[in-house]
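# Understanding the architecture of this molecule
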Amino acid sequence: MNRRLIYVIGPSGAGKDSVLDTLRQTWPGVANAHWARRTITRPAQPGGEQHEAVDEAAFDRLQAQKTFGLHWEANALRYGVRATELAALDQGRCVFVNGSRGHLPTLLIQWPEAIVVHISAPPHVLAQRLAARGRETQQAIAARLQREVSVALPANHISIQNEGPIREAADALAKQLSKRLPIRMWTIG
């Protein structure tokens, strides 16, 4: 069975959610894919990621119950992906996970065959996007941009530069995925 976890990483403001949302609307392989919903210790916000919002205590309970197939901490928040969200892998489908650069080494131990997608943008673009979100002060944004998360990317990772129209980045990702995924991923059903 061909199990393909597609683990998407990049700095905050790189547009990972936007690229994945556009890919979901335009990708020919969408019928054979699942976009994993994350559980996050952050309240839901209008226009933001449609995640499962929980508090710290609820996250602790879910983790103790071994509910998560993946979990990590980043930017003072806790993230989890329920094992049920990864179940599509057992059906031969690919599963997209919006992940964390800091969690990548651990992920690759658990999922060495994962396709790693690194989405990035120039620092000035990241700063503009973070400011537009309105979640952080200018000082917090500057500190975030100065904090460099250094992680060794696997040699076969996919790199997407997202600084122009979002459709261009999504099309570039679709093109790269077409080279990595079996042809049956591109057929409907």
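One structure accompanies this document, and this report is about it. (Residues numbered from 1 in each chain as written. Predicted model: local features only at pLDDT ≥ 70, side-chain atom pairs only at ≥ 80, totals over all residues. Heavy atoms only, no water.)

## What to know about the environment of Arg-101
Here Arg-101 is to be found in the loop between strand E7 (94-98) and helix H4 (104-110). Assessed through its relative accessible area of 15%, Arg-101 is described here as buried. (Helix = DSSP H or I, 4+ residues; strand = E, 2+ residues; numbered from the N terminus. Buried < 20%, exposed > 50% of the residue type's maximum accessible area, 1.4 Å probe, protein only.)

## Focus on the packing of helix H1 (residues 16-26) against helix H7 (residues 166-180)
In a packed pair of helices, the relevant descriptors are the angle between the two axes and the axis-to-axis distance. Put simply, H1 and H7 touch, their axes get as near as 8 Å, and they point 65 degrees apart. Regarding the angle of H1 to H7, the classification is roughly perpendicular. Helix-helix and strand crossings are classified by hand; for H1 and H7 the assignment is right-handed. The residues of H7 that touch H1, namely those facing Ser-18, Val-19, Thr-22, Leu-23 and Thr-26, are Ile-166, Arg-167, Ala-169, Ala-170, Leu-173, Ala-174 and Leu-177. Looking at the contact of H1 with H7 residue by residue, the classes come out as eight nonpolar, three polar and one charged. (Axes fitted to C-alpha atoms, helices over the stretch in contact; angles between N-to-C directions. Parallel < 35°, antiparallel > 145°, perpendicular 65-115°, else oblique. Left-handed = near helix turned anticlockwise from the far one by under 90°. Contact = heavy atoms within 4.5 Å. Nonpolar A, V, L, I, M, F, W, Y, C, P; charged D, E, K, R; others polar.)

## Considerations on the pattern of salt bridges
Tallied over the full model, the rule gives five salt bridges. Between Arg-78 and Glu-56 there is a salt bridge, and its shortest N-O distance comes to 2.7 Å. Here Arg-78, found in strand E6 (residues 77-82), pairs with Glu-56, found in helix H2 (residues 56-64); they are 22 residues apart in sequence, far enough to count as distant. A residue is classified by how much of its surface remains accessible, and Arg-78, at 11% relative accessible area, is buried. Using a relative accessible area of 38% as the deciding quantity, one classes Glu-56 as partly exposed. Its salt-bridge partner being Asp-60, residue Arg-78 comes within 2.7 Å of it at the nearest N-O pair. Taken as a pair, Arg-78 in strand E6 and Asp-60 in helix H2 lie far apart in primary sequence, 18 residues in all. Among the charged side chains, a network of salt bridges with common partners joins Glu-56, Asp-60 and Arg-78. (Salt bridge = Lys/Arg side-chain N within 4 Å of Asp/Glu carboxyl O.)

## Structural notes on unusual backbone geometry
As a rule of thumb, non-glycine residues mostly have phi less than zero, and peptide bonds are mostly trans rather than cis. The backbone phi angle of Lys-66 is positive, close to 60 degrees, even though this residue is not glycine. Inspection of the secondary structure puts Lys-66 in the loop between H2 and strand E5 (68-74).

## Examining the sheet that holds E6
Pairing between sheet strands relies on hydrogen bonds along the backbone, with the strands arranged either parallel or antiparallel. The mixed open sheet is built from four strands, whose spatial order is E4-E3-E6-E5. Since the sheet does not close on itself, it has two edges, and those belong to strand E4 (52-53) and E5, each with one partner. Against the sheet, H2 engages strand E3 (38-40), E5 and E6, with an angle of about 40 degrees to E6. (Pairing = 2+ DSSP bridges.)

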